Protein chains: 2
Amino acid sequence: MLDRIKRNIAKHIELTDAEFDYFASLLQPRHVTRRTSILTPGQICWFEGFVDAGCLRVYCTDEDGGDQILYFVPEDWWFADIQSFVSQTPAVFGIDALEDSDILLIDKRSKESLYLEVPKFERLFRIMTQRALVALQHRMIAYMHQTAEERYLEFKQKYPNLEDRVCQHQVAAYLGISPEFLSKIRRKLTLGVLSV
Amino acid sequence: MLDRIKRNIAKHIELTDAEFDYFASLLQPRHVTRRTSILTPGQICWFEGFVDAGCLRVYCTDEDGGDQILYFVPEDWWFADIQSFVSQTPAVFGIDALEDSDILLIDKRSKESLYLEVPKFERLFRIMTQRALVALQHRMIAYMHQTAEERYLEFKQKYPNLEDRVCQHQVAAYLGISPEFLSKIRRKLTLGVLSV
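If you're wondering where the values come from, they're calculated on a predicted model, not measured in any experiment. (Residues numbered from 1 in each chain as written. Chains lettered and ligands numbered in written order. Predicted model: local features only at pLDDT ≥ 70, side-chain atom pairs only at ≥ 80, totals over all residues. Heavy atoms only, no water.)

(A) Structural detail: the sheet that holds strand β2 (residues 37-39) of chain B. All names here are of chain B. Taken together, the four strands give an open sheet; going across it, the order is β2-β7-β4-β5, and neighbouring strands pair in antiparallel fashion. At either end of the open sheet lies a strand with only one pairing partner, and these are β2 and β5 (67-74). Adjacent strand axes in the sheet meet at a mean angle of 30° when their direction is disregarded. The pairing of strand β4 (residues 55-61) with strand β7 (residues 94-97) spans four bridges and is antiparallel. When the sheet's bridge partners are listed, Val 58 is paired in β7 with Ile 95. (Pairing = 2+ DSSP bridges. Helix = DSSP H or I, 4+ residues; strand = E, 2+ residues; numbered from the N terminus. Axes fitted to C-alpha atoms, helices over the stretch in contact; angles between N-to-C directions.)

So this is what it looks like as structure tokens:
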């Protein structure tokens, strides 16, 4: 179960076997079934996590009970409510499983020990956070000036094959549109493709 | 000119005088007048920067020539096109001065030396990037489900007094609405306040 996370880390920093083993000893593996809540808004996010298999979503719920999806978390992605984890304050976001999933969690105290024992992890998480920030900057700008159709095409590019794995209303909640409007876009694109 | 950046850093990491002096020796101070372009989309972003006085904007231009403002950079804020800086690829975003500004720049090679010589800076930039990511996550979610009026009120909270310093069309470009629509919102809010 540790192969994927080892490869994920190796993209950014080089670890000795002893350093990786120490990191691995801090991880808590969990199997969660579909629809299990991993974090509820208002709870303290005690973990940062990595998806080894399956798919989660990070979402928030507005006053009207509607969900917005901040991002999907398929295999090889990391997740947390960062602010809640860093400051140990109530989470704004919730996290739950869209599929049966295998995840690895690290708690706050272990993460702090990790930074002290193996400072290279500061670098890893700086780089990963930068990448997440860049991706979100592009999504923000896209949201400001792209049509829903263009955003849908970007979603498909960013998350290849994910559309076949999650419900239409989850994709709509990520795009910030209604499921009915997403259906219309899909029909239009299918007809467009068929008419070529 | 170094007092502000020293205090900014001291919020997150402790440096010895020698460490700060080394960092300071890597900084390139610049005075830029209003409307000066600091980075044009398509150029390589060779710097990360800090605003000591004044205000910049980080923006991008869509195919129709319209600007979207990713964020404003008043005093005490950092700026860069992160992806361009990290990977030395052409910038997507442009950066220019909305006011006469005093800025401090650090180039890519100096930043890498800094990480090697004073690894604490990995921690500083990890923390700052996390904070930027959290702020952008909230803005993204707000954008997905808030009205333009609510977003305008959030802008005022996030950037106190900035509205008096930048043109209305810049604020509109940040909110993703037309200047005319922003005028309407302002009039409505003013009337609302007057009628209380």
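(B) Representation of helix α7 (residues 168-175) of chain B within the structure. Residue and element names in this part refer to chain B. By the criterion of burial, α7 is predominantly enclosed, with six of the eight residues buried. Burial in α7 covers these residues: Gln 170, Val 171, Ala 172, Ala 173, Tyr 174 and Leu 175. In the segment just after α7, Gly 176 is the residue with positive phi, at about 75°. (Buried < 20%, exposed > 50% of the residue type's maximum accessible area, 1.4 Å probe, protein only.)

(C) Region of interest: the interface of chain B and chain A. With 37 residues of chain B in contact, the opposing surface of chain A contributes 36 residues. If you sort the residues of chain B by the area they bury against chain A, B:Arg126, B:Met140 and B:Met144 come out on top, with a joint share of 19%. In this structure, the salt-bridge partner of B:Arg123 is A:Glu112, at a minimum N-O distance of 3.9 Å. Taken together, the elements giving at least two residues each to the side of chain B that touches chain A come down to β5, α3 (82-87), α4 (108-117), α5 (120-145) and α7 of chain B. Residue contributions to the side of chain B that touches chain A peak at 18 residues, all from α5(B). A breakdown of the residues in the side of chain B that touches chain A according to their chemical character gives 21 nonpolar, eight polar and eight charged. (Contact = heavy atoms within 4.5 Å. Buried area = accessible area lost by both parts, 1.4 Å probe. Salt bridge = Lys/Arg side-chain N within 4 Å of Asp/Glu carboxyl O. Nonpolar A, V, L, I, M, F, W, Y, C, P; charged D, E, K, R; others polar.)

(D) Structural view of the relation of the copies chain B and chain A. Overlaying chain B on chain A yields an RMSD of 0.0 Å, the required transformation being a rotation through 180° with an accompanying axial translation of 0.0 Å. Such values leave the two copies arranged in the relation of a two-fold axis. The rotation axis passes nearest to the C-alpha of B:Arg126 in chain B, at a distance of 2.1 Å. A symmetric contact is evident, with 97% of the interface residues of chain B recurring at the interface of chain A. (Least-squares fit on C-alpha atoms with pLDDT ≥ 70 in both.)

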